[in-house]
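Structure at a glance
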Protein chains: 2
Amino acid sequence: MAYFDAASAEPLHPAARAAFLSALEEGWADPARQYHDGRRARLLLDAARETVATVLGARPDEVAFTGSGTQAVQLALLGTLAGRRRVGAHAVVSAVEHSSVLHAAEQHEARGGEITRTVVDRTGRVDLAALENDLRADTAAVALQSANHEVGTLQPVAEAADLCAARGIPLIVDAAQSVGRVAVPDGWSVLAASAHKWGGPAGVGVLVVKKGTRYASPLPYDEREARRVPGFVNVPAIVAAAVALGAVATGGDDENRRLAGLVDKIRTRVPQTVPDVEVVGDPVARLPHLVTFSCLYVDGEALLTALDRAGFAVSSGSSCTSSTLTPSHVLAAMGVLSQGNVRVSLPHGTPAAEVDRFLAVLPGIVADLRAVTGVTPGVLPSAAGTAADSAIADSAIADSPMPESAEPGTGEQGSGEPGSPALVLDTLGRRCPIPVIELAKHIGEVPPGALVAVLSDDEAARLDVPAWCEMTGHAYAGERPSPEGGVAYLVRRTS
Amino acid sequence: MAYFDAASAEPLHPAARAAFLSALEEGWADPARQYHDGRRARLLLDAARETVATVLGARPDEVAFTGSGTQAVQLALLGTLAGRRRVGAHAVVSAVEHSSVLHAAEQHEARGGEITRTVVDRTGRVDLAALENDLRADTAAVALQSANHEVGTLQPVAEAADLCAARGIPLIVDAAQSVGRVAVPDGWSVLAASAHKWGGPAGVGVLVVKKGTRYASPLPYDEREARRVPGFVNVPAIVAAAVALGAVATGGDDENRRLAGLVDKIRTRVPQTVPDVEVVGDPVARLPHLVTFSCLYVDGEALLTALDRAGFAVSSGSSCTSSTLTPSHVLAAMGVLSQGNVRVSLPHGTPAAEVDRFLAVLPGIVADLRAVTGVTPGVLPSAAGTAADSAIADSAIADSPMPESAEPGTGEQGSGEPGSPALVLDTLGRRCPIPVIELAKHIGEVPPGALVAVLSDDEAARLDVPAWCEMTGHAYAGERPSPEGGVAYLVRRTS
């Protein structure tokens, strides 16, 4: 099994495993106790804190260990906002923060606070001019990830820190994806990270609050961990986390360069061997180990299942692989294709041969999935590609009955801009990638210059129909409410 | 080293260690992922949840795993209160709950809620009549531990549950100390526990919310763990926790009976071999493995240090062993002696020989510590026991200069009840056990029936002076503010 989902969880580093076993023997007691076993646990904890502080460029007394990276980053945001509530209740977060940050921001809103989600460009990078515009007199904090967890794009942390510093606003950096991979630029006030992303065990997050930053714990009082994290301190896991961080930080540059080369290979080869693929994220200013691409006309879940059968563990931001039926908020904020989405994130030590094998099997897997759709990628389908192909597509992909086939010239006759569609494709009740597949199959049935309306109640269509237009050269003509329900996405055939 | 502090942390159960190692290999991936490694982690997680639910008498879908027992119990209280905020913002908690519960209750108060701390008797057991009186129309929840963590007394959970059920109030049970030791009585709505107390690893708490109980998460949204606990699920530690629980629950009765016998031996032998000792907590309705006693005229920290040197790890509720300078709130609520306090809590598998060795060395250790105080335990000191002994006491115990010696008949001349002291002992600025030692040393200087005033600004004196009276047969005559600062505790010599 080739495990390519390090961004979810990096397998435990061998050095961390050894340290964990040893610390389970020597560090299990309460480090607050004065007896022998407690003092020994305290020494291990102090040493681990020193290691983590050094790697993160902080003082040991600025570092608190939490029960998870999620807890760390949620405390970072909510604790900093609570500490600065006299300044105001407004916070700015990037639109592509990890969902744990966005969920904490939503809680802040639900309790009367105000959140601005600052926009990103098509690579996923925060727009600094927009960010500057979002800052206000009552902005209590700004949260910006060091690098995006889905597409790998590095954020302009140093520049954002300068903008914040000029206004006395603390910058909170979610460094979960970059710690152990890329150094975090200076200038942050609060930093959060997660040990199991760098090869430590689960159950350890890190919350660093720089001296001079106001912080008020949202949690009940507890004297442990700088009064920021109530509960028994999990010394064995913290020791293992620190050992893993030390191991990947020391001499990790070579390994990260090697992984960056493997990712470059994926970024180059996939578009060469798989038609109609969009590789997203910044190609240069990026995490070394992570790459994301999306494949037109492919069901993300089917793709993940086929890759799993072929021995590859990857993740996806496609809506059909999540329980929410919405595509990844990151891809949505970037305005890129979400269907057939694959995120590859390479653990430390990934053999080059595994990447080669992935590149060898991927084209065939994607082609097999597309074969049943009735769409020939890269080729505008002729008007002939209809009934027979549709039947195949339905039996292979659809999990709900095919709606009544729309005929050219029927459907909505609204006369407003951009005009009336020559063809209405009713895909209501059908999920990604069906709306785009139907569009690709039937657009050849209208003359160049004519409009096609795709009726859809699938959130992914809002992202995928425009992305399909961008990739195929057709013109996206906007959306409008549909009397039949859902939304009509309008596409003008250009060739 | 004999480790007698299982109530802080039970050493990892051998079966749990083996399961942990195996689950670090097989359960490290994200159980929400659909690929092979994720599915395997999910199967392990599901099995662990089933085990824990079975032992706790719950359904698997009622069980959520948290990052610590503290997190579990704090969520239990705050989430239940949030879920029932339409009923009211009043909660009742016992005065002897774990500090994590009391700190959560304080946060509820700080945010506008109201808390009643229901009283306990001298054994630490909640007074059911008082509890019933505390329940109001706007009482949203009641929190009661299954057993006290410092003195071992079992609480009347079933009876409290009946009182609550009759009024439709959910009962929250902190079962951290009893799970794996004593079955939790039925009737609770929400239960919290902590794996490292039963031989699991640190980093795993359990939050059980029975179906039909209103619960609103105080934490940001997350779809994992029944939407109650945000963050990556720590499968390996949860697996180890479940294996440990299964191991101690299966056939644990014999072991718990054996430990109960060892505790009985301590409860019987310590008062026989150590003079002026108070063994606290219910002698029968108690946890099998835990016993607490307090030794007059002994500095708790010095006692713990001496026991540690002799190879015994125990804890203490004495104020001099904590950073807060206040004695344990549990001992305070019970109104029992706090000085020289020792809690012995035996891990599963404690050899009887270790307990015997403890019983053999304890009398000598206590006697050595008392030898330098100038007080002969069990014997009312004569008026002669003054200057020379005091000098020894000062050099050995005092960490601040001896205040000017008070002479018989000097000092405060107030004429209110209970009359004027014949002797004022100024112990301002001096910590436990000095005020009681001074009292014991000098009470012989006044005639029977005369009053002695002990001036103290040490919180422990409020507990220890009355407890000393109870143990020695002198009459405690109350306290009054002292013009010199602190409080004057009045004692009438009776013999």
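Note that this is a predicted model, so its numbers are computed, not measured.

Digging into the sheet that holds strand 15 (residues 475-481) of chain B
Residue and element names in this part refer to chain B. Reading across from one edge, 13-14-16-15 is the order of the four strands in this open sheet, with mixed pairing throughout. The open sheet has two free edges, formed respectively by strand 13 (423-426) and strand 15, since each of these has just one partner strand. The sheet shows a mean angle of 20° between the axes of neighbouring strands, direction not considered. Sheet topology note: the strand 15/strand 16 (residues 487-492) ladder contains five bridges and is antiparallel. Bridge assignment links Glu479 to a residue of strand 16, and that residue is Tyr489. Across the sheet, helix 14 (residues 459-472) lies against strand 14 (451-456), strand 15 and strand 16, angled at about 5° from strand 16, the strand it touches most.

Overview of the relation of the copies chain B and chain A
Rotating chain B by 180° and moving it 0.0 Å along the rotation axis overlays it on chain A with an RMSD of 0.1 Å. Such a combination of rotation and displacement between the chain copies is what one expects of a two-fold axis. Every residue of chain B has its C-alpha some distance from the rotation axis, and the shortest such distance is that of B:Gly67, at 2.6 Å. Both copies present the same face, since 100% of the interface residues in chain B are matched by interface residues at the equivalent positions in chain A.

Structural notes on the confidence of the model for chain A
The predicted model of chain A averages 91 in pLDDT, with 92% of residues at 70 or higher. Here residues 381-416 of chain A scores under 50 on pLDDT; set against residues more than four positions off or in separate chains, the count is 59 contacts.

What about empty space enclosed by the protein?
Going through the model one piece at a time under the given rule, you end up with four cavities of 30 Å³ or more. Empty space within the largest cavity amounts to approximately 270 Å³. In terms of lining residues, the largest cavity is bounded by 32 residues, among which A:Phe20, A:Ala237, B:Phe20, B:Pro201 and B:Ala237 are the most central. Looking at the lining of the largest cavity, the elements that each hand over two or more residues are helix 1 (14-26) and helix 7 (235-249) of chain A together with helix 1 (14-26) and helix 7 (235-249) of chain B. Looking at the lining of the largest cavity, the element that brings in the most residues is helix 7 of chain B, giving three residues. Grouping the amino acids of the lining of the largest cavity by side-chain chemistry returns 23 nonpolar, seven polar and two charged. Empty space within the second largest cavity amounts to approximately 180 Å³. By residue class, the composition of the lining of the second largest cavity is six nonpolar, ten polar and one charged.

The rules behind these values
- Residues numbered from 1 in each chain as written.
- Chains lettered and ligands numbered in written order.
- Predicted model: local features only at pLDDT ≥ 70, side-chain atom pairs only at ≥ 80, totals over all residues.
- Heavy atoms only, no water.
- Pairing = 2+ DSSP bridges.
- Helix = DSSP H or I, 4+ residues; strand = E, 2+ residues; numbered from the N terminus.
- Axes fitted to C-alpha atoms, helices over the stretch in contact; angles between N-to-C directions.
- Contact = heavy atoms within 4.5 Å.
- Least-squares fit on C-alpha atoms with pLDDT ≥ 70 in both.
- pLDDT = per-residue confidence, 0-100.
- 1 Å grid on protein atoms, 1.4 Å probe; cavity = no way out; pocket = protein on both sides within 12 Å on 5 of 7 lines; lining within 4 Å.
- Points joined across faces, edges and corners; volume = space filled by probe spheres on them.
- Nonpolar A, V, L, I, M, F, W, Y, C, P; charged D, E, K, R; others polar.

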